[in-house]
Amino acid sequence: MNKTLILIVEDDRPVQNLMITTLKAHDYRYLTAMNAETAVLEASSHNPDIILLDLGLPDMDGIEVIRKIRTWSNVPIIVISARSEDMDKVEALDAGADDYLTKPFSVEELLARLRVTERRLAMSQVEPMASSVFVNGKLKVDYSAGCAYLEDEELHLTPIEYKLLCLLSKNVGKVLTHTFITQNIWGHSWDNDVASLRVFMATLRRKLEKNSESVQYIQTHVGVGYRMMRIE
């Protein structure tokens, strides 16, 4: 089995050295980039399994790096940043990041996030490609193509919104708790994950229910979670 290849995008040399030492000690392969331009080049040319990304890069904000990479790759991106405000986290996740770790971080937590991401990668590789198309009212989700449509028009969803839509549609009619959803989307469930989830669910709902007369696809169960309603 090939060792996991990780791209470290970090311009703070001591932090980069800590990551390198940690990855070496746990038998990971790694690449490094000190700025956004090199990061995009390394990601496109070496196809890493996971990217560890700092947001405060000298030549471009890390959010833009995420957006650039997401135009051609779904490689898991774990943001590691000193920005600790909820909106910074939401912006990164909304741009397409898969996880967010706040500096200063512990080596143990970094390794735990990597293990969770590796498990998700392994599951996606062994699961058979879903060939079915989910239809609910005027909503259609084509799992194999990775697209969703409303009234035959493609919905422009962020990676997180699409993951949420798939999770809800595959459990249509069931109430999914906040913990269940955040565990499935991000691999963990912390208090600020629920705050992020509310933001993403609101943006997804706006795209599905464009006016007050639209069909309600997503039902909120206050303090519990969300459910996709079955539409006849």
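Residues numbered from 1 in each chain as written. Predicted model: local features only at pLDDT ≥ 70, side-chain atom pairs only at ≥ 80, totals over all residues. Heavy atoms only, no water.

Novice: Even after reading the chapter, I still don't get the pairing of strand 12 (residues 225–228), so can you show me in this structure?
Specialist: In summary, the side chains of a regular strand alternate between the two faces of the sheet. Here strand 10 (residues 175–177) runs beside strand 12; their pairing, made up of three bridges, is antiparallel. Paired with L176 across the bridge in strand 12 is Y226. The pairing of strand 11 (residues 218–221) with strand 12 spans four bridges and is classified as antiparallel. Bridged to H221 within strand 12 is G225. (Pairing = 2+ DSSP bridges. Helix = DSSP H or I, 4+ residues; strand = E, 2+ residues; numbered from the N terminus.)

Novice: I keep staring at the sheet that holds strand 10 and nothing clicks. Help me out?
Specialist: Pairing in this open sheet of three strands is antiparallel, and the strands run 10-12-11 from one edge to the other. Both edges of this open sheet fall to strand 10 and strand 11, since each of them pairs with a single strand only. Direction aside, neighbouring strands of the sheet carry axes that sit 30° apart on average. Across the face of the sheet, helix 6 (residues 159–170) comes into contact with strand 10, strand 11 and strand 12 while running at roughly 70° to strand 12. Contacting strand 10 and strand 12, helix 7 (residues 178–186) crosses the sheet at an angle of about 70° to strand 10. (Axes fitted to C-alpha atoms, helices over the stretch in contact; angles between N-to-C directions. Contact = heavy atoms within 4.5 Å.)

Novice: Mind showing me how you'd approach the sheet that holds strand 3 (residues 50–53) here?
Specialist: Sheets are built from strands paired through backbone hydrogen bonds, the pairs being either parallel or antiparallel. Strand order in the open sheet formed by five strands is 2-1-3-4-5, and the pairing between neighbours is parallel. Of all the strands in the sheet, just strand 2 (29–33) and strand 5 (99–102) have a single pairing partner and so form its edges. Across the sheet, the mean angle from the axis of one strand to that of its neighbour is 20°, orientation sign disregarded. Note that strand 1 (residues 5–9) and strand 2 share five bridges and pair parallel. If you follow L5 over to strand 2, its bridge partner there is R29.

Novice: Is there a simple way to think about the packing of helix 6 against helix 7 in this case?
Specialist: The description of two packed helices rests on the angle between their axes and on the distance between the axes. One way to put it is that helix 6 packs onto helix 7 with a least axis distance of 10 Å and a crossing angle of 125°. One way to sum up the angle between helix 6 and helix 7 is to call them oblique. Taken as a pair, helix 6 and helix 7 cross one another with a handedness that is right-handed. Taken together, the residues of helix 7 that come into contact with helix 6 (itself represented by I160, K163, L164 and L167) are F180, I181, N184, I185 and W186. Split into classes, the residues belonging to the contact of helix 6 with helix 7 amount to seven nonpolar, one polar and one charged. (Parallel < 35°, antiparallel > 145°, perpendicular 65-115°, else oblique. Left-handed = near helix turned anticlockwise from the far one by under 90°. Nonpolar A, V, L, I, M, F, W, Y, C, P; charged D, E, K, R; others polar.)

Novice: Teacher, can you tell me more about the packing of aromatic side chains here?
Specialist: Aromatic ring pairs are described here by two measures, namely the spacing of the ring centres and the angle between the planes. This structure, assessed with the given rule, holds zero aromatic pairs. Directly above the ring of Y149 sits K140, whose terminal nitrogen or CZ lies 5.1 Å from the centroid. Seen from the ring of Y143, K170 lies directly overhead, with NZ or CZ sitting 4.7 Å from the centre. (Phe/Tyr/Trp six-rings, centres within 6.5 Å; stacked < 30°, edge-to-face > 60°. Lys NZ or Arg CZ within 6 Å of the ring centre and 35° of its normal.)

Novice: Mind showing me how you'd approach the pattern of salt bridges here?
Specialist: Enumeration over the complete set of coordinates arrives at 12 salt bridges. For K103, the salt bridge goes to E10, with nearest N and O atoms at 2.8 Å. Here E10 lies in the loop between strand 1 and helix 1 (13–25) and K103 lies in the loop between strand 5 and helix 5 (107–126), a separation of 93 residues in the sequence. Assigned by exposure class, K103 and E10 land together as buried. It is possible to trace a salt-bridge network through shared partners that takes in E10, D54 and K103. (Salt bridge = Lys/Arg side-chain N within 4 Å of Asp/Glu carboxyl O. Buried < 20%, exposed > 50% of the residue type's maximum accessible area, 1.4 Å probe, protein only.)

Novice: Even after reading the chapter, I still don't get the side chain of T182, so can you show me in this structure?
Specialist: Note on placement: T182 falls in helix 7. Side-chain polar atoms of T182 contact the backbone oxygen of T179, separated by 3.2 Å. (Polar contact = N/O pair within 3.5 Å; in protein donor to acceptor, adjacent residues only side chain to side chain.)

Novice: Please clarify how helix 6 should be interpreted in this entry.
Specialist: An α-helical segment advances 3.6 residues per turn. Residues three or four places apart therefore align on the same side. Spanning 12 residues, helix 6 covers 17 Å between terminal C-alpha atoms, matching the ideal 16 Å at 1.5 Å per step. For helix 6, a buried count of nine out of 12 residues is recorded, marking the element as mostly surrounded by other parts of the structure. The set of residues buried in helix 6 consists of I160, E161, Y162, L164, L165, C166, L167, L168 and S169. (Expected span 1.5 Å × (residues − 1).)

Novice: Honestly, helix 2 (residues 36–46) in this entry has me stumped. Any pointers?
Specialist: Those residues of helix 2 that sit buried are A36, A39, E42 and A43. Taken around the axis of helix 2, the buried residues stretch over an arc of 125°, which confines them to a single face. Opposite the buried face of helix 2, by more than 90 degrees, sit the exposed residues E37 and L41. Against the buried residues of helix 2 lie strand 1, strand 2, strand 3 and helix 3 (62–70). One side-chain oxygen of the residue at the start of helix 2 lies 3.3 Å from the amide nitrogen of E37, identifying that residue as N35. With its phi angle positive at about 50°, N47 sits one or two positions after the end of helix 2. (Arc of directions from axis to C-beta.)

Keep in mind these values describe shape, not function.
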